[in-house]
Amino acid sequence: MDLRIFTEPQQGATYDTLLTVARATEDLGFDAFFRSDHYLRMGSADGLPGPTDAWITLAGLARETRRIRLGTLMTAGTFRLPGVLAIQVAQVDQMSGGRVELGLGAGWFEEEHKAYGIPFPKEKFARLEEQLEIVTGLWATKTGETFDFHGRYYDLADSPALPKPAQAKVPVLIGGHGATRTPRLAARYADEFNIPFASVEDSERQFGRVRAAAEEAGRRADGLTYSNALVACVGSNDQEVARRAAAIGREVDELKANGLAGSPAEVVDKIGRYTEIGSQRIYLQILDLDDLDHLDLISSRVQSQLS
């Protein structure tokens, strides 16, 4: 089981804070640092000092880290034209020496679009399908050849399909709870399927749908990586768990029901339940980015038992 650190900077974080967390992620032996792609806070957080852009952040971290993978859960398809996104991701992959992964979703948070003047189209899923075909098609086009695409939403003609990523293939993550279209899209384009904030039972059902869709598409079901994203709140004792829950405005019982919360032993046990239904990787949603002791505890008392 791989453990990755997943942050939500729209809730309030500077680039320097994210850099500190990314360096701790690397030093403590976690596999990767991922971040959300949002421009507006959610809930009661003040969001100060304001949003940071996902791919600008990852470009900076690409030059200031050496080992960890870097990526998004999920880049909002509404934020970027697919040709521009292909250039951005390829460049950050070059800057990192081939450590980037692209999680791409349709976009869903209408309020942030209104706040920053970003169009919020009605037909988001159909656009996402075209975006995936364009981004992966541009990267797959041989140097010296051109790429064309003529769809309902996007039209590319004689694109030089440059630059190329450092990796032969940038891993693409697709995720969600949709029962029909999402598994089919994952079967066609994804290297990894991620289900966010889902129970063991719901995860097992969704993984089964994706596996069936992959086989129907002529792929090996085991050719995809299956992963979860879950909020983390771990403490060495009950008081520490309660303190960390309060710091992120959550209740301990709710966190234990819906995430990975409690003592290291409780969290290891719950991760084991996800492992049993085929989850190979967990993105630990860390909401208090100033609490580096939390990462240290997870590394020393949770990750160490999993490995």
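Structure: above.
The structure reproduced in this document is the subject of the present report. (Residues numbered from 1 in each chain as written. Predicted model: local features only at pLDDT ≥ 70, side-chain atom pairs only at ≥ 80, totals over all residues. Heavy atoms only, no water.)

### Describing the pairing of strand 8 (residues 172–175)
- Where strand 5 (residues 100–105) lies against strand 8, two bridges are found, and the strand directions are parallel. Paired with L102 across the strands is V172, a residue of strand 8.
- Bridge count for strand 8 against strand 9 (residues 192–196) is three bridges, and the pairing is parallel. Directly across from I174, in strand 9, lies its bridge partner F193.
- Between the parallel pair strand 8 and strand 9, the chain is carried across by helix 6 (residues 181–189), and the sense of this crossover is right-handed. (Pairing = 2+ DSSP bridges. Helix = DSSP H or I, 4+ residues; strand = E, 2+ residues; numbered from the N terminus. Right-handed = clockwise from strand over helix to strand, strands pointing away.)

### Topic: the pairing of strand 1 (residues 2–7)
- For strand 1, the tally of buried residues reaches five of six residues, placing the bulk of the element in the interior.
- As paired strands, strand 1 and strand 12 (residues 281–286) are joined by six bridges and run parallel to one another. Considered in strand 12, the bridge of T7 is made with I286. (Buried < 20%, exposed > 50% of the residue type's maximum accessible area, 1.4 Å probe, protein only.)

### Structural notes on the packing of helix 3 (residues 82–96) against helix 5 (residues 124–140)
- It is the contact of helix 3 with helix 5, at a shortest axis distance of 9 Å, that shows an interaxial angle of 45 degrees. One finds that helix 3 runs oblique with respect to helix 5. Judged by the twist between their axes, the crossing of helix 3 over helix 5 is right-handed. Contacts between helix 3 and helix 5 involve P82, G83, L85, A86, V89 and A90 on the former and, on the latter, Q131, I134, V135, L138 and W139.
- Classifying every residue of the contact of helix 3 with helix 5 by side-chain character gives nine nonpolar, two polar and no charged. (Axes fitted to C-alpha atoms, helices over the stretch in contact; angles between N-to-C directions. Parallel < 35°, antiparallel > 145°, perpendicular 65-115°, else oblique. Left-handed = near helix turned anticlockwise from the far one by under 90°. Contact = heavy atoms within 4.5 Å. Nonpolar A, V, L, I, M, F, W, Y, C, P; charged D, E, K, R; others polar.)

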